[in-house]
Amino acid sequence: MNRKMLMNLAVSGFVLSVATGCSGMGAMADAPSRAAGKPAVAAKSADQARAALEAGKVSKAVGLAEAAVAASPRDASYRALLGQAYLYDGRFASATAALTEAMELGATDSNTIIALTLAQIAQGKSADAIALLQAHRDTVPASDIGLALALAGDSEGAIYVLTDAARAPEANARTRQNLALAFALSGRWAQAQILASQDLSPAKLEARMMEWSKLAETPNAQLRVASLIGTKAQQDAGMPVRLALSNFGETQMAAADAPVELASADPAPVAAYAPPPPVLADAGNTIRSIELPMPERTADGVVPVTELPQPKAAGEVILADAAPYRAAPRGEGEGRIRPAQQQALELATVLIPKAIAFNAKKPTGWAVQLGAFDSLGIAKEKWGGLKKRSAMLASFPASSHAATVKGRTFYRLTVNGLATRADATSLCNELKAHGQTCFIRAMGGSESIQWASKASPLQLASR
């Protein structure tokens, strides 16, 4: 795999190597020599396919890997190589078929299993992916299993596996970053940011959190896996039929020199085939009688009856009050405020006055970032949808400013003017409780606000 792909996969923590057919590929299927095809042609095509993958020429690698499989159709390493080429070309259905057949031929290494897991997740087959990981949990590294579980939607299982792996003495930065991403995909951005900061500089941490935010906002499984491995999902009709493993079944001819015994033309005597008469067991030696003791009788010849313990008398039964339930008068409790109203009042009286003081020309204080988008128009459209769904969110002033990360411009969408970090954290936690991803940031005053929206007054529903 080329270095550019490795850098893309470093975000997710999957670091796969190109299938080589050496140790780790597992036992190859033993095929007859006539089914082996052209081994020299297959080996040359496979080497060229690996070189193409290393150079980032994925489409070329697919053609060469298909030639290797066609020349040696029952070689597990060549089918695993073809499956990886399909995967990095965004052809997830073909990758699933090729990698599944590679495993049928004996490829059970961790690279093949993780590649097949990613292809299944991209096709929406999360249950199959989780079952595959569980079946090979002793083969695949825990850091890869945990992150794959997170991508398959099993957030709690992923965090459990990765937390245990991160506590191990041999845990490295990749394991910790995988755990941080699992936290992020489950909506626990505070834990994700704290954990990710252990191995990243502040500048790299900001870029990493932005990448993870975009990944978490991608609901389509195909697009999510494609973005992780640095490719684009393609329309895929499946692997060519001519390469299907079912076309190359292993057939073995019976040995021609095996002796064949012919039946005799003369019938055998009947006595030679008559079964022996049945042997009857001696009943006198096998059946024994058992003498049971006779019951003791009284002097009058009566058999006494054993007295059984009598049940205790039932205690006093306490009857419930039969008086009818009387609802409280409607006037009672009018002055009390329910918990939800109290929380809304606290937000209105504590957070809102501080947020109204936001100055778009010189932004200061703390902000809650809701996302980063490719254009200013998308950021505005996103804000319009968010404030329609949340009256509380509409009560804060929003803004968008440009930020350049790795040569690419993003437009951050934030709600602003929060005076303290605690205020921003409180608002972000409230949003997360309603399913909105977010994280907090400090506004330094140098941000160039390109669009701002005023806060709408917060209205509380009357009881």
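Calculation rules
- Residues numbered from 1 in each chain as written.
- Predicted model: local features only at pLDDT ≥ 70, side-chain atom pairs only at ≥ 80, totals over all residues.
- Heavy atoms only, no water.
- Helix = DSSP H or I, 4+ residues; strand = E, 2+ residues; numbered from the N terminus.
- Buried < 20%, exposed > 50% of the residue type's maximum accessible area, 1.4 Å probe, protein only.
- Contact = heavy atoms within 4.5 Å.
- Areas by Shrake-Rupley, 256 points an atom, 1.4 Å probe, with all protein chains shown as cover.
- Pairing = 2+ DSSP bridges.
- Phe/Tyr/Trp six-rings, centres within 6.5 Å; stacked < 30°, edge-to-face > 60°.
- Core = buried A, V, L, I, M, F, W, Y, C linked by side-chain atoms within 4.5 Å.
- Disulfide = S-S within 2.5 Å.
- Axes fitted to C-alpha atoms, helices over the stretch in contact; angles between N-to-C directions.
- Nonpolar A, V, L, I, M, F, W, Y, C, P; charged D, E, K, R; others polar.
- pLDDT = per-residue confidence, 0-100.
- Expected span 1.5 Å × (residues − 1).
- Salt bridge = Lys/Arg side-chain N within 4 Å of Asp/Glu carboxyl O.
- Polar contact = N/O pair within 3.5 Å; in protein donor to acceptor, adjacent residues only side chain to side chain.

Undergrad: I'd love a proper account of the overall build of the protein chain, names of residues and values included.
TA: Counting its secondary structure elements, the protein chain contains 19 helices and five strands. Considering the protein chain as a whole, with its 463 residues, one finds that 41% of them fall into the buried category. Of all intrachain contacts in the protein chain linking residues separated by at least 6 positions in sequence, the fraction that spans at least 24 positions is 69%. Put simply, the protein chain shows about 27200 Å² of open surface, and 55% of that area lies on carbon and sulfur atoms.

Undergrad: Which residues make up the pairing of strand 2 (residues 398–405), and what values go with them?
TA: Most of strand 2 sits inside the fold, with six of its eight residues counted as buried. The pairing of strand 2 with strand 3 (residues 408–418) spans eight bridges and is classified as antiparallel. When the bridges of strand 3 are listed, alanine 403 appears paired with phenylalanine 410. In sequence, strand 2 turns back onto strand 3 through a hairpin of two residues, with lysine 406 there showing a positive phi of about 55 degrees. As defined by bridge partners, strand 2 adjoins strand 5 (residues 449–453) across four bridges and the pair is classed as antiparallel. Bridge pairing in strand 5 links serine 400 to tryptophan 451.

Undergrad: Before we move on, can you summarise the packing of aromatic side chains with the specific residues and values?
TA: Enumeration over the complete set of coordinates arrives at one aromatic pair. Here the aromatic rings of tryptophan 189 and phenylalanine 439 are separated by 6.5 Å at their centres, their planes lie at 40 degrees, and the arrangement is tilted. Highlighted residues: tryptophan 189 in helix 11 (residues 189–196) and phenylalanine 439 in strand 4 (residues 439–442), separated in sequence by 250 residues. Here phenylalanine 439 falls in the buried class, since its relative accessible area comes to 9%.

Undergrad: Any details on the environment of serine 143? Residues and values, ideally.
TA: Within the element layout of this structure, serine 143 appears in helix 8 (residues 142–151). Contact partners of serine 143, with chain neighbours within four places excluded, come to Leu162, Arg174, Thr175 and Asn178.

Undergrad: I'd like a description of the nonpolar core, backed by residues and values.
TA: Core analysis: the biggest nonpolar cluster contains 71 residues, and Leu82, Tyr86, Leu87, Phe92, Leu118, Leu181 and Trp212 have the highest contact counts within it. Leaving out residues up to four positions away in the same chain, tyrosine 86 has contacts with Val62, Glu66, Arg91, Ser94, Ala95, Ala98, Met239, Pro240 and Leu243.

Undergrad: Please provide a residue-by-residue account of the state of the cysteines, values included.
TA: Counted by the stated rule, this structure contains one disulfide. Paired by a disulfide, cysteine 428 and cysteine 438 hold their sulfur atoms 2.2 Å apart. For the disulfide bridge between cysteine 428 and cysteine 438, the dihedral angle about the S-S bond is near 110 degrees, and by the sign convention the bridge is right-handed. With cysteine 428 in helix 19 (residues 421–433) and cysteine 438 in the loop between helix 19 and strand 4, this pair connects stretches of sequence that are 10 residues apart.

Undergrad: Could you give me a rundown of the packing of helix 6 (residues 110–122) against helix 13 (residues 221–229), with the residues and numbers involved?
TA: Between helix 6 and helix 13, the least distance of the axes is 7 Å, while the angle of their chain directions is 145 degrees. Packed against helix 6, whose contacting residues are Leu118, Ile121 and Ala122, the element helix 13 presents Ala221, Gln222, Val225 and Ile229 at the interface. When its residues are assigned to classes, the contact of helix 6 with helix 13 shows six nonpolar, one polar and no charged.

Undergrad: Run through the confidence of the model for the protein chain, naming residues and quoting values.
TA: Caution is warranted with low-pLDDT regions, since their predicted coordinates should not be read in detail. Of all residues in the protein chain, 67% have pLDDT values of 70 or greater, and the mean over the chain is 75. Taken together, the stretch residues 1–12 has pLDDT below 50 and engages in 32 contacts with residues farther than four places along the chain or on a different chain. Scored below 50 in pLDDT, residues 348–354 makes 12 contacts in the model with residues more than four places away or belonging to other chains.

Undergrad: Account for the sheet that holds strand 1 (residues 366–373), naming residues and giving values.
TA: If you walk across this open sheet you meet the five strands as 4-1-3-2-5, and the pairing is antiparallel. At either end of the open sheet lies a strand with only one pairing partner, and these are strand 4 and strand 5. Averaged over all adjacent pairs, the angle separating strand axes in this sheet is 40 degrees, with direction ignored. Relative to strand 4, strand 1 runs antiparallel, the two being bridged by four bridges. Within strand 4, the position partnered with valine 368 by the bridge is isoleucine 440. Across the sheet, helix 12 (residues 202–216) lies against strand 1, strand 2, strand 3 and strand 4, angled at about 95 degrees from strand 3, the strand it touches most. Seen against the sheet, helix 19 touches strand 1, strand 3 and strand 4 and runs at an angle of roughly 45 degrees to strand 1.

Undergrad: Residues and numbers for the side chain of glutamine 120, please.
TA: Assignment of secondary structure puts glutamine 120 in helix 6. Residues within four places of glutamine 120 in sequence aside, it is in contact with Thr96, Lys125, Asp128, Ala129 and Leu132.

Undergrad: I'd like to hear about helix 12, residue by residue, with values.
TA: Counted at 1.5 Å a residue, the expected span for helix 12 with its 15 residues is 21 Å, and the 21 Å between its end C-alpha atoms agrees. Inspection of helix 12 places Leu205, Ala207, Arg208, Met209, Met210, Trp212, Ser213 and Leu215 among the buried residues, and these make up the whole buried set.

Undergrad: Requested: an account of the pattern of salt bridges, with residues and values cited.
TA: Evaluation of the coordinates by the stated rule reveals 11 salt bridges. Across the pair arginine 50 and aspartate 47 runs a salt bridge whose closest N-O atoms are separated by 2.9 Å. Residue arginine 50 and its partner aspartate 47 are located together in helix 2 (residues 39–54), separated by three residues, close to a single helical turn. Looking at arginine 50, the relative accessible area reads 14%, which means it is buried. Between arginine 441 and glutamate 206 there is a salt bridge, and its shortest N-O distance comes to 3.6 Å. On the criterion of sequence distance, the pair formed by arginine 441 in strand 4 and glutamate 206 in helix 12 is long-range, its members being 235 residues apart. Salt bridges linked by common partners bring Glu206, Arg412 and Arg441 together as one network.

Undergrad: Tell me about helix 6, and name the residues and values.
TA: The terminal C-alpha atoms of helix 6, which comprises 13 residues, lie 18 Å apart, in line with the 18 Å expected from a rise of 1.5 Å per residue. Of all the 13 residues making up helix 6, 12 are buried; the element is thus mostly covered by neighbouring parts of the structure. Within helix 6, the full set of buried residues consists of Asn111, Thr112, Ile113, Ile114, Ala115, Leu116, Thr117, Leu118, Ala119, Gln120, Ile121 and Ala122. Buried residues along helix 6 sit in contact with helix 4 (76–88), helix 5 (92–104), helix 7 (126–135), helix 8 and helix 13. For helix 6, the N-terminal cap is aspartate 109; the gap from its side-chain oxygen to the backbone nitrogen of asparagine 111 is 3.3 Å. A positive backbone phi angle near 80 degrees is found at glycine 124, which sits one or two residues after helix 6.

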